[in-house]
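So the chains spell out like this:
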Amino acid sequence: MNIKVSYFVHEKRMQKNMSARQLAMLSGVSHTEINNIEAGKKHPSVMTLCMIAEALKAEPSSLFSYEIVKSGN
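Residues numbered from 1 in each chain as written. Predicted model: local features only at pLDDT ≥ 70, side-chain atom pairs only at ≥ 80, totals over all residues. Heavy atoms only, no water.

Visitor: Could you clarify how one ought to interpret the side chain of T48 in this entry?
Guide: By secondary structure assignment, the location of T48 is in helix 4 (residues 46-56). According to the relative accessible area criterion, T48 is buried, its value standing at 10%. With sequence-adjacent residues up to four places away left out, T48 is seen in contact with V29, E33 and I37. (Helix = DSSP H or I, 4+ residues; strand = E, 2+ residues; numbered from the N terminus. Buried < 20%, exposed > 50% of the residue type's maximum accessible area, 1.4 Å probe, protein only. Contact = heavy atoms within 4.5 Å.)

Encoded structure:
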């Protein structure tokens, strides 16, 4: 069994009409890390997700979803 996690940082940031640099400044998360999360290259820690959520004035749970993917036996 695997878990597929999808992040919605980019979508939320666009809804707030905010650049990645602005989000970085407000959240304390580096611009590079935000870009990597949005590009699917990095999974953020819970702390990072909370920092981003706070900057976006959003609930952390609104920034991701997950699904369980069962592997075939």
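Visitor: Is there a simple way to explain the nonpolar core in this structure?
Guide: Generally speaking, a soluble globular protein has its nonpolar side chains buried in company with each other. The biggest cluster of nonpolar side chains holds 15 residues, and the ones touching the most others in it are V9, L23, I34, I52, L56 and L63. Counting residues per element, the ones that place at least two in this core are helix 2 (20-27), helix 3 (31-38) and helix 4. Broken down by element, this core gets its largest block of residues, five residues, from helix 4. Ignoring anything within four residues of it in the chain, the contact list for L63 reads S6, Y7, F8, V9, K12, L49, I52, A53 and L56. (Core = buried A, V, L, I, M, F, W, Y, C linked by side-chain atoms within 4.5 Å.)

Visitor: Please explain the side chain of R13 as it appears in this structure.
Guide: Mapped onto the fold, R13 is located in helix 1 (residues 9-15). Residue R13 is classed as buried on the basis of its relative accessible area, which comes to 7%. A polar contact of 2.9 Å, which involves the side chain of R13, links it to the backbone oxygen of M18. Among all residues touching R13, those that are not within four sequence positions of it are M18, S19, A20, L23, E38 and L56. (Polar contact = N/O pair within 3.5 Å; in protein donor to acceptor, adjacent residues only side chain to side chain.)

Visitor: Would you explain helix 4 in this entry?
Guide: Among all positions of helix 4, only T48, L49, I52, A53, A55 and L56 are buried. Looking down the long axis of helix 4, one finds its buried residues gathered within 160 degrees of arc, a one-sided arrangement. In helix 4, the exposed positions angled more than 90 degrees off the buried face are occupied by V46, M47 and E54. Buried-residue contacts for helix 4 involve strand 1 (2-7), helix 1, helix 2, helix 3 and strand 2 (64-69). One or two positions beyond helix 4, positive phi appears at K57, with a value near 55 degrees. (Arc of directions from axis to C-beta.)

Visitor: How should I be thinking about the packing of helix 2 against helix 4 in this particular structure?
Guide: A pair of packed helices is characterised by two quantities: the angle between their axes and the separation of those axes. Two elements in contact, helix 2 and helix 4, have axes whose closest approach is 9 Å; the angle formed by their N-to-C orientations is 110 degrees. Taken as axis vectors, helix 2 and helix 4 run roughly perpendicular relative to one another. Contacts between helix 2 and helix 4 involve L23, L26 and S27 on the former and, on the latter, M51, I52, A55 and L56. Taken together, the residues that form the contact of helix 2 with helix 4 break down as six nonpolar, one polar and no charged. (Axes fitted to C-alpha atoms, helices over the stretch in contact; angles between N-to-C directions. Parallel < 35°, antiparallel > 145°, perpendicular 65-115°, else oblique. Nonpolar A, V, L, I, M, F, W, Y, C, P; charged D, E, K, R; others polar.)

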